[in-house]
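# Examination of the molecular architecture
Here is how the chains run, residue by residue.
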Amino acid sequence: MNSSYCLSLSDNPLRFEPLRKMTSVFYDYESKEIFTIIHSDEVMQIIVENTTTRKKTIYYVKHIRRVISLKFSPDQKILAIQHDSTSVDFITFHNGTQASSFTQSSKINNTEILGFIWVNGSEVLFVTKLSLELYQVEFGKRTLKYLKCVNMNILWFLYHPKTNLILLSIGSTNLQPFYVTDGNFNKLPKLEIEYSPFQKQIKPSTIHQKDVILTSCYSHTRVMIFQHSQGGSFPGTDIVIYTISKTAPPKKTHVLKLNLCGRFAVNIVDDLIVVHHQVSKTSFLFDIGLSIREEDSVSTLKPIIEAMSIEPPTDIESELYSSHWVTFQPNIIIDVGIGAFWYLNLNLSTFLNLMKDKCILTDFLLQRTSGKEYLIKMLNDVMINENRNLEEIATLFNRLNLVYKDKLELEFQSQVGLPVSSSVTVQIYKPLKTVKIVLNQLDMYSNVFSRFADYAYKSTPKNRKIFIWILLEYIRSLTDHNVSVQHCINELLINTLVLNKCFNELHQILQYHVISDSKPLACLLLSLENVYPPAHQLALDMLHRMANATEEITEVLLSKQQVISALRYSDTYGTESEISFRKYLDVAHSVDDPDVFYSIFVELENRDKTRTKNVCQLSSGGHCDVYVKAFQDRYRKNAINTEN
């Protein structure tokens, strides 16, 4: 894909027989199948191609009449064909040839069937001008069993298979949504289309089906309505978006400003709304996830970038934005003139150059499924750029850590079984809650900071100082969002300070607790004693501030052969059971000072005589025999000889 294009058509498109005089083409977006019907004098050949698996199957039907609509049942066992407005045929096949069939008309006499929908493998919904009729298929009896009916005047309908939502036009500006599930109709509040004051003067007598799109965007069902203004001072087209909820009336939430007239089509690509304009042969891109709005307000949006054309395909000759183009949700484009089926794709790398505001670009990439790679690239580019804006980098960290904190909270709530707060579920009011990717601390360490560290070490002292500032700013942002800083980030900061000989800064950072205390961090400081001797005491101070580090501190003191200090510290802050006599005697015996060994042994011997535990560490079983013997040989024998 050329980086100058934001949109492209998928490679290796599915090819099928194009639309001709004796050929008809249908697409069923519920089953993701293309039906190519080739008419002849005796039979009708139906070629069915699955757009996902690309499996092709050919069927032969005896009927040679025109076809209004046809769909396979979800289990692929029954083909339903509508030839006219009075009935629907149901057909089974054996080895691709028609085996048996029957015909079903509407329950209401003299009404027109607008269409039908497979609700599941055995239920079919008829939509007529006067009713919704739900039937159970009983093919053994060659009939449909009537289940339920809702009577109302219907002009046209749209169906959303992902949610089983059907949208009915019941008046000039009224739309009625229903959920069809488990053999029932769940009626939702009516959607009454609103118009601006100017549009009210020229609003159409009825809403046409071609001007309404039923789709999903950011995990919500949306109704998009084209509102055209042909005259007046501001001619152009708006797309008004209503959000459907199961628990509240449909609400007008967004208005997309196009400022053009003509023929439009819409795709949804990774929750990005793409509006194609045939006359200009360009596409407009809108992201409603970038709009921050209050509950009762409506966001008016402009395209996030200038209108651009789709990248021409290289593997097939095709006229872009052809009059033969037909779009289906979410990201399907079909050219019936040449017989080609594509998916519309995003090229996120292009947005890195086109969106100059890096904060908006960050929000945009956080809400794209494949955005992590490009977000990391953007962060690296921003940091390496000599004209970097440090204030902008701080803002970027805040945006990243806001969603990082939200993810950690959600994970914690799911682990402990707490209910998710309402602010998380109402996604249309909190766009940053809809993110699809998160950059955690490990991501930042591995893919951003480590790379910039390599660059800074090979660069100028100024860049090395800036790198320290960036790390501190990232830690500040994590702390502001109540996120614990992981050891890898603290370790990188300390190592960077040491490599740049910023010992005063290191001392201040630790002294003022810019970095949180931890045992791994204390161990790191201990390892730096050779290059910065005060690091030893800084490590001990850090361990002392921690409530459960008595053993570690005594080990450090013992490693320095400060056995008396270690025993005193253990007496003050530890417990008697934590003291290992053998460990202290081992260090005391190795010290080149007989008084130390004598003092330690006598102290432990006195403790051993007064212990209430049933374990005596100086007697057999305490592994101290060698030190008992050494003490007796050195001091007790000398005492006996003196008495004699």
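Residues numbered from 1 in each chain as written. Predicted model: local features only at pLDDT ≥ 70, side-chain atom pairs only at ≥ 80, totals over all residues. Heavy atoms only, no water.

## Observations concerning the overall build of the protein
As a reminder, the rule being used: Helix and strand definitions here come from DSSP, where helices need a minimum of 4 consecutive H or I residues and strands a minimum of 2 consecutive E residues; each element is numbered from the N-terminal end. A 1.4 Å probe rolled over the protein chains alone gives each residue an accessible area, and that area as a share of the maximum for its type sets the label: buried under 20%, exposed over 50%, partly exposed in between. A contact between two residues is defined here by any heavy atoms of the two lying within 4.5 Å. For every accessible area listed, the method is Shrake-Rupley and the probe measures 1.4 Å; residues are considered covered only by the protein chains on display.
Across its full length, the protein holds 17 helices and 30 strands. Per-residue burial for the protein yields a buried fraction of 50% across its 644 residues. Of all intrachain contacts in the protein linking residues separated by at least 6 positions in sequence, the fraction that spans at least 24 positions is 53%. Element-wise, carbon and sulfur atoms account for 50% of the exposed surface of the protein, whose accessible area totals about 31600 Å².

## Quick look at the confidence of the model for the protein
Going by this rule: A score between 0 and 100, pLDDT records how confident the predictor is in each residue.
Scored by pLDDT, the protein comes out at a mean of 85, with 90% of its residues at no less than 70. Of the regions scoring below 50 in pLDDT, residues 420-431 engages in 25 contacts with residues more than four places distant in sequence or in other chains.

## A few points about helix H9 (residues 487-499)
Definition in use: To estimate how far a helix should reach, multiply one less than its number of residues by 1.5 Å.
Over its 13 residues, H9 runs 18 Å from end to end, which matches the ideal 18 Å to within 8%, given 1.5 Å per residue. Of the positions making up H9, those classed as buried are Cys 488, Ile 489, Asn 490, Leu 492, Leu 493, Ile 494, Thr 496, Leu 497 and Val 498. Buried residues along H9 sit against helix H7 (441-457), helix H8 (461-480), helix H10 (503-511) and helix H11 (519-527). Lys 501 sits one or two positions beyond H9 and adopts a positive phi of about 55°.

## Some words on the sheet that holds strand S23 (residues 251-257)
Filter applied, for reference: If DSSP finds at least two bridges between two strands, the strands pair. The angle between two axes is taken between their N-to-C directions and runs from 0 to 180 degrees, where each axis is a line fitted to C-alpha atoms and a helix contributes only its stretch in contact.
Read from one edge of the open sheet, five strands run S20-S21-S22-S23-S27, paired in mixed fashion. A single partner strand is all that each edge strand has here, and the edge strands are strand S20 (212-217) and strand S27 (299-301). Between one strand axis and the next, the sheet turns by 25° as a mean value, whatever way the strands run. The sheet contact formed by S20 and strand S21 (residues 220-229) spans six bridges and is antiparallel. In the strand pairing of S21, Leu 214 is matched with Val 223.

## Focus on the sheet that holds strand S26 (residues 282-286)
Here we have three strands laid out as an open sheet, ordered S24-S25-S26, and antiparallel in their pairing. Single-partner strands in this sheet number two, and they are strand S24 (264-269) and S26. Geometrically, the sheet is characterised by an average inter-axis angle of 25° between neighbouring strands, direction not taken into account. Note: strand S25 (residues 272-277) against S26, five bridges, orientation antiparallel. Residue pairing across strands places Val 274 opposite Leu 285, the latter belonging to S26.

## Here we look at the pairing of strand S16 (residues 165-169)
Most of S16 is tucked away: five of the five residues are buried. Here S16 shows two buried faces, one formed by Leu 165, Leu 167 and Ser 169 and the other by Ile 166 and Leu 168. With five bridges connecting them, strand S15 (residues 156-160) and S16 associate as antiparallel partners. The residue bridging His 160 from the neighbouring strand is Leu 165, located in S16. Hairpin remark: S15 followed by S16, antiparallel, with four residues in the connecting loop; positive phi at Asn 164, about 60°. Note that S16 and strand S17 (residues 174-181) share five bridges and pair antiparallel. Of the residues in S17, the one forming a bridge with Ser 169 is Leu 175. Linking S16 back to S17 in an antiparallel pair, the connection comprises four residues.

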